[in-house]
Amino acid sequence: MASFATIRDPLADHLLTPKNAALVIIDFQPVQVSSIQSRPKRELVTNITALARIGKLYELPVVLSTVNVKTGRNQPTIHQIIDVLPDVHPIDRTSINAWEDEDFVRAVKATGRRKLIMAALWTEVCLVHPALDAINEGFEVYPVIDCVGGTSPEAHALGVQRLVQAGGKPVGWVQLICELQRDWNREKTTPGFADILFAVEGH
């Protein structure tokens, strides 16, 4: 019983690795969270918090964005995400589609990563729109489906369907953390892996 002596190239790997992916979190703000109807809100917050912790554990570049905070029309990112990622400064926008904001697109491209792990509220709008644009520009987009939600179950399902039709590669956060960890011999992240995985009820 032995893993291969040589680890697969983490940059060229076709699977997600800590070296070839970036994490993008969009519009997890109180109003958006409270309007979700496709998933229990507590579960949604628990899952997105786990996703933020995954980004931190595997040292992924993180792009965090909000809408209409500076205009005073909306509140900042929920504290559960900020508590995990205190050094990540949100990019605030007025555009509904984050990909139509110059600062946001510049930040995503500055990560140097072509695989984008994405979560946004709502699924059918703030996830779908920038994801479609990113795919159109040659990025691989991995929407984390159990970390997002829509204004209705139907709206969420239609949003996911549209992403898959366009080439999006849906994942769940447990699938994601296992894909990034890959081997129990990677001892640096094994304790954090266990902390995240087993902190969520049911895992």
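Everything below is about the structure shown above.
Not measured: the values here are computed from a predicted model.

Novice: Can you walk me through unusual backbone geometry in this structure?
Specialist: Excluding glycine, most residues fall at negative phi; most peptide bonds, likewise, are trans. For the peptide bond that leads from Leu121 to Trp122, omega is 5°, which places it in the cis range. Look at Asp27: it is not a glycine, yet its phi comes out positive at around 65°. Inspection of the secondary structure puts Asp27 in the loop between strand S1 (21–26) and helix H1 (30–34). For Asp27, a relative accessible area of 1% translates into the label buried. At Glu59, a position not held by glycine, the phi torsion is positive, near 55°. With respect to the secondary-structure elements, Glu59 resides in the loop between helix H2 (41–57) and strand S2 (62–67). Given a relative accessible area of 56%, Glu59 falls into the exposed group.

Novice: Sorry if this is basic, but what is going on with the packing of H2 against helix H7 (residues 173–181) here?
Specialist: Packed helix pairs are specified by the crossing angle of their axes together with the interaxial distance, meaning the distance between the axes. Between H2 and H7, the least distance of the axes is 10 Å, while the angle of their chain directions is 15°. Our classification of the angle between H2 and H7 gives roughly parallel. When the axes of H2 and H7 are compared, the crossing they make is left-handed. Listed contacts from H7 to Asn47, Ala50, Leu51 and Ile54 of H2 are Trp173, Leu176, Ile177 and Leu180. In the contact of H2 with H7, the residues fall into seven nonpolar, one polar and no charged.

Novice: Which parts of the structure should I look at to understand helix H5 (residues 123–136)?
Specialist: Side chains that are three or four residues apart share a direction in an α-helix, a result of its 3.6 residues per turn. Under the 1.5 Å per step criterion, the end-to-end length of H5 is 18 Å for 14 residues, consistent within 8% with the ideal 20 Å. The element H5 is largely enclosed, with a buried count of eleven among its 14 residues. Where H5 is concerned, the buried positions are Thr123, Glu124, Val125, Cys126, Leu127, Val128, Pro130, Ala131, Leu132, Ala134 and Ile135. The secondary structure elements touched by the buried residues of H5 are S1, strand S4 (115–120), strand S5 (140–143) and helix H6 (153–166). Once H5 finishes, Gly138 follows within two positions and takes phi at roughly 95°, a positive value.

The rules behind these values
Residues numbered from 1 in each chain as written. Predicted model: local features only at pLDDT ≥ 70, side-chain atom pairs only at ≥ 80, totals over all residues. Heavy atoms only, no water. Helix = DSSP H or I, 4+ residues; strand = E, 2+ residues; numbered from the N terminus. Buried < 20%, exposed > 50% of the residue type's maximum accessible area, 1.4 Å probe, protein only. Axes fitted to C-alpha atoms, helices over the stretch in contact; angles between N-to-C directions. Parallel < 35°, antiparallel > 145°, perpendicular 65-115°, else oblique. Left-handed = near helix turned anticlockwise from the far one by under 90°. Contact = heavy atoms within 4.5 Å. Nonpolar A, V, L, I, M, F, W, Y, C, P; charged D, E, K, R; others polar. Expected span 1.5 Å × (residues − 1).

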